[in-house]
Amino acid sequence: MAGAIDWLTADSPASRLQARAVRIWAIGGALMRNPLAALGIAIVLVLIVTAAFAPWIAPYPPIGQDLGNRLLPPSAMHWMGTDELGRDIFSRVVYGARITLLIVILVAVIAAPVGLIVGAVSGYFGGWIDRVLMGLTDMFLSMPKLILALAFVAALGPGIENAIIAIAITAWPPYARIARAETLTFRNSEFIDAVRLQGASSGRIIVRHVLPLCVSSTIVRVTLDMAGIILIAAGLGFLGLGAQPPLPEWGAMISRGRSFILDQWWVATMPGFAIIVVSLGFCFLGDGLRDVLDPKQGGKS
Amino acid sequence: MSFEPAASPDAVRAASGRGAFARLRGPAGSALAMVLTVALTFLGLLAITFFIGRVVPIDPVLAVVGDRASTEVYEQVRIEMGLDRPLVVQFFSYVGEVLRGDLGMSISTNRPVAEDLARVFPATLEMATIGIVIGVGLGVPLGVWAAYRQGSWIDQAIRVFGLAGYSVPAFWLGLVGLAVFYAGLGWAAAPGRLSIFYEGLVPQVTGLLLVDSLIAGDMAVFRDAAHHLALPALILGFFSLAYIARMTRSLMLDQFGQEYVTTARVKGVPEWRVIWVHAFRPVRVPLITVIGLSYAALLEGSVMIETVFSWPGIGNYLTTALLNADMNAVLGATLVIGAVFIVINKVSDVLYRILDARSR
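Residues numbered from 1 in each chain as written. Chains lettered and ligands numbered in written order. Predicted model: local features only at pLDDT ≥ 70, side-chain atom pairs only at ≥ 80, totals over all residues. Heavy atoms only, no water.

**As for the overall build of chain A**
Scanning chain A for helices and strands turns up 13 helices and zero strands. For chain A, the N- to C-terminal ordering of α and β elements is α-α-α-α-α-α-α-α-α-α-α-α-α. Each principal axis of the C-alpha distribution contributes one length, and for chain A these read about 75 × 55 × 30 Å. In chain A, which comprises 301 residues, the share counted as buried stands at 55%. (Helix = DSSP H or I, 4+ residues; strand = E, 2+ residues; numbered from the N terminus. Buried < 20%, exposed > 50% of the residue type's maximum accessible area, 1.4 Å probe, protein only.)

Structure representation (structure tokens):
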């Protein structure tokens, strides 16, 4: 055990693998020393575990009606009560974790690389390419995200896939800005010149040498954006444009509960708590990650 | 709901960049640069709405002629509607129509979309304006307080409160607000803008009920309108408050670390003067950008709140149109909200440059 920790905290790592492990260990340690970040990690882990093991965690099936037990208040049998079709709300919230996680991961996987590439190309080449790409980025940045997402979903048709595409289309510009700013700081540094003199193509330089250096600040930003993505997705679900019934998407569940809000408050409120907790978790984690990975921005916001 | 575009400090920094027109200097140059970027951004917005209008799986010709029309009739209508022209030509004729104020007809209200939007916009404007007044009125003092007591429990409380602004869905908070304050405590009014028996009593001048009822001198209507406005505006205000307090705190912290603040204290300047006169003065300029961004975000955020509170504004109009697949209305509302959003964004950016001595 002590040997493993020595290996993880070595001042002069002997291999690339060890260097990475040392860095991850240091980041993890710094995160765990920050109570809010540790709470964020815990919440995100709970989300992932819940999504992975939903069938074992949920006491009832998420779909399927039980009209004899409709609109029951929270109790020992049904921790969050039941909805208008007698479905156990806790079980639906548990299964809903899968949908939320899917949306968040897919949006990040689509939007972050697009933004990274646009920003790195823009910063690396400069000149008119930079002006055109950044003009486009600024244009998207100064447009209302939610409204654009709404309009895209209206055109593509309601559904969870289209909601994900619409959110991703509106989510990439901040990553392009970050990647460009990072690229500009080391575009003229010697290691880039060295690679270029070895005959590497621009594409190779960007992919192998520029992009990896932009990753850590992008990860920070993506984590901070997660809360916003979850809220937009839930908003689309609430308006009936995201996941369609009977899928247990949290926003759509709130929308179903809207008709009962005055008498059966739990139908609409319970899924909302899930959204809040998960969004807060990503906020805490993102804040903590920023303090660790990107100290120059710390305390600025 | 997303208050994200405004919510990140990056957005503020990005908004303070000079962008593509960096060579234009001075207040006049800034204003010119603003007009150019606003025009370009608006053209981009038009390109997006045009593109969305093309992507829609509904064939606009079929909607006119019906599925039983013969190929000849179909072709003829297609040519009449100008859909055989190259896309670029169609785009510029679309831009021309929009600039003339022609947004097409709404299939659900059977009226020109532009007329509908002019009718519903004041309701949104009224709610968002009261919301931003609440957000600034509470958010700025809270942010200053948090910075002054950095690290104390009050700072932590304001921080958590601010994070809640990023994590609570607005439509959910609206529903909970209705359940607690309307159904539970009976403090808030029912959803809607006025009680039924007050509707249509005051002549419409500005479309802002608070103003119109004062002009008519009808205090009962004024009180009723204010009563209906209170809860949605408070909820909307909460989201801008969260962001404004967070930004004010970080701006004030930058000032408190400066030597001139220490100098003022050493000279015996009273503490309230140090805070509000010395330290706050340089913060006012960047705060304008912050407030502008959050006002724009509020207009956008009101979409969800309006849906929950049956508020007859542009957000409600947009969501109703979405559910009816009324594309002209959807695109028209998107254009108007987008245009207002862009203009507020850019105006606050230019104000920043004109007022900030360092950027001259």
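Let's pick the thread back up.
**Description of the overall build of chain B**
Scanning chain B from N- to C-terminus turns up 16 helices and zero strands. Within chain B, the proportion of its 360 residues that are buried is 52%. Partitioning the contacts of chain B with sequence separation of at least 6, the portion at a separation of at least 24 is 71%. Carbon and sulfur atoms form 65% of the exposed surface of chain B, whose accessible area is close to 16,400 Å². (Contact = heavy atoms within 4.5 Å. Areas by Shrake-Rupley, 256 points an atom, 1.4 Å probe, with all protein chains shown as cover.)

**Quick notes on the nonpolar core**
Formed by 177 residues in total, the largest nonpolar core has its most connected members in Leu150 and Trp250 of chain A together with Met252 and Leu318 of chain B. When neighbours within four sequence positions are excluded, leucine 318 of chain B is seen to be in contact with Ile147 and Leu150 of chain A together with Val303, Val330, Ala333, Thr334 and Ile337 of chain B. Among the nonpolar cores identified, the runner-up in size contains 13 residues, and Ala120, Phe186, Ile192 and Leu211 of chain A belong to it. (Core = buried A, V, L, I, M, F, W, Y, C linked by side-chain atoms within 4.5 Å.)

**Considering the confidence of the model for chain A**
Looking at chain A as a whole, its pLDDT mean stands at 85, while 97% of the residues score no less than 70. Here helix H1 (residues 2-8) of chain A stands out as the least confident element of chain A, with mean pLDDT 79; helix H5 (residues 89-125) of chain A is the most confident, with 91. (pLDDT = per-residue confidence, 0-100.)

**Focus on unusual backbone geometry**
With an omega dihedral of 5 degrees, the bond running from proline 245 of chain A to proline 246 of chain A counts as a cis peptide bond. One non-glycine residue, asparagine 110 of chain B, lies in positive phi territory at about 60 degrees. By the element assignment, asparagine 110 of chain B lies in the loop between helix H6 (87-99) and helix H7 (113-148). Asparagine 110 of chain B sits in the exposed class, given a relative accessible area of 61%. Within the chain, serine 310 of chain B stands out as a residue other than glycine whose phi angle is a positive 45 degrees. The topology assignment puts serine 310 of chain B in the loop between helix H14 (284-308) and helix H15 (314-323). Judged by its relative accessible area of 40%, serine 310 of chain B is partly exposed.

**Focus on the environment of alanine 179 of chain A**
All names here are of chain A. Within the element layout of this structure, alanine 179 appears in helix H9 (residues 173-186). In this structure the C-alpha to C-alpha distance between alanine 179 and threonine 218, which are 39 residues apart in sequence, comes to 7.3 Å. In contact with alanine 179, other than residues within four places in its own chain, are Gly115, Leu116, Gly119, Ala120 and Cys214.

**Quick look at the interface of chain B and chain A**
With 56 residues of chain B at the contact, the number on the chain A side is 51 residues. Of the roughly 4,800 Å² buried at the junction of chain B and chain A (both faces included), carbon and sulfur atoms supply 73%. Its salt-bridge partner being aspartate 287 of chain A, residue arginine 159 of chain B comes within 3.2 Å of it at the nearest N-O pair. Viewed at the interface, chain A and chain B are joined by seven residue pairs in polar contact (both at pLDDT 80 or more). Top element by residues in the side of chain B that touches chain A is helix H16 (residues 327-355) of chain B. It accounts for nine residues. Along the lines of polarity and charge, the residues of the side of chain B that touches chain A split into 36 nonpolar, twelve polar and eight charged. (Buried area = accessible area lost by both parts, 1.4 Å probe. Salt bridge = Lys/Arg side-chain N within 4 Å of Asp/Glu carboxyl O. Polar contact = N/O pair within 3.5 Å; in protein donor to acceptor, adjacent residues only side chain to side chain. Nonpolar A, V, L, I, M, F, W, Y, C, P; charged D, E, K, R; others polar.)

**As for a nonpolar patch on the surface**
Residues and elements named next belong to chain A. A surface patch of nonpolar side chains, about 450 Å² in accessible area, is lined by Val49, Phe53, Trp56 and Ile57. Looking at the element boundaries, isoleucine 57 is found in helix H4 (residues 54-57). Residue class for isoleucine 57 comes out partly exposed when judged on its relative accessible area of 35%. (Patch = residues over 30% accessible without salt bridge, like charges linked within 9 Å, V, L, I, M, F, W, Y side chains within 5 Å.)

**A word on the side chain of serine 240 of chain B**
Residues and elements named next belong to chain B. Inspection of the secondary structure assignment puts serine 240 in helix H11 (residues 219-256). Among the polar contacts made by the side chain of serine 240, one reaches the main-chain carbonyl oxygen of glycine 237 at a distance of 3.0 Å. Non-local contacts of serine 240, meaning those with residues more than four positions away in its chain, are made with Gly131, Ile132, Gly135, Ser294 and Leu298.

**Description of the packing of aromatic side chains**
One pass over the full model with this rule turns up 13 aromatic pairs over all chains. Taken together, a centroid distance of 4.3 Å and an interplanar angle of 15 degrees make the contact between phenylalanine 238 of chain A and phenylalanine 171 of chain B stacked. Of this pair, phenylalanine 238 of chain A sits in helix H11 (residues 202-238) while phenylalanine 171 of chain B sits in helix H9 (residues 170-184), each in a different chain. Assessed through its relative accessible area of 0%, phenylalanine 171 of chain B is described here as buried. Through a chain of ring-to-ring contacts, three or more aromatic side chains come together here, namely Phe50, Phe91, Phe92 and Tyr94 of chain B. (Phe/Tyr/Trp six-rings, centres within 6.5 Å; stacked < 30°, edge-to-face > 60°.)

**Here's the deal with the pattern of salt bridges**
Applying the stated criterion across every chain yields a total of 13 salt bridges over all chains. Where aspartate 116 of chain B meets arginine 119 of chain B, a salt bridge forms, and the shortest distance between an N and an O atom there is 2.9 Å. Pair noted here: aspartate 116 of chain B and arginine 119 of chain B are both in helix H7, with a separation of three residues, about one helical turn. Among the residues examined, arginine 119 of chain B registers a relative accessible area of 42% and is labelled partly exposed. A salt bridge links arginine 249 of chain B to aspartate 155 of chain B; the nearest nitrogen and oxygen atoms lie 2.7 Å apart. Of this pair, arginine 249 of chain B sits in helix H11 while aspartate 155 of chain B sits in helix H8 (residues 153-167); the two residues are 94 residues apart in sequence, bridging distant segments of the chain. The residues arginine 249 of chain B and aspartate 155 of chain B share a single accessibility class, namely buried. In this structure, a network of salt bridges that share partners links the residues Asp287 and Arg290 of chain A together with Arg159 and Arg246 of chain B.

**Structural notes on the packing of H8 of chain B against H11 of chain B**
Residue and element names in this part refer to chain B. Two elements in contact, H8 and H11, have axes whose closest approach is 8 Å; the angle formed by their N-to-C orientations is 130 degrees. Judged by the inter-axis angle, H8 sits oblique to H11. Of the two possible hands of crossing, H8 and H11 adopt the one that is left-handed. On the side of H8, the interface is formed by Asp155, Ile158, Phe161, Gly162, Leu163, Ala164, Gly165 and Tyr166, while H11 contributes Phe238, Phe239, Leu241, Ala242, Tyr243, Ala245, Arg246 and Arg249. Split into classes, the residues belonging to the contact of H8 with H11 amount to eleven nonpolar, two polar and three charged. (Axes fitted to C-alpha atoms, helices over the stretch in contact; angles between N-to-C directions. Parallel < 35°, antiparallel > 145°, perpendicular 65-115°, else oblique. Left-handed = near helix turned anticlockwise from the far one by under 90°.)

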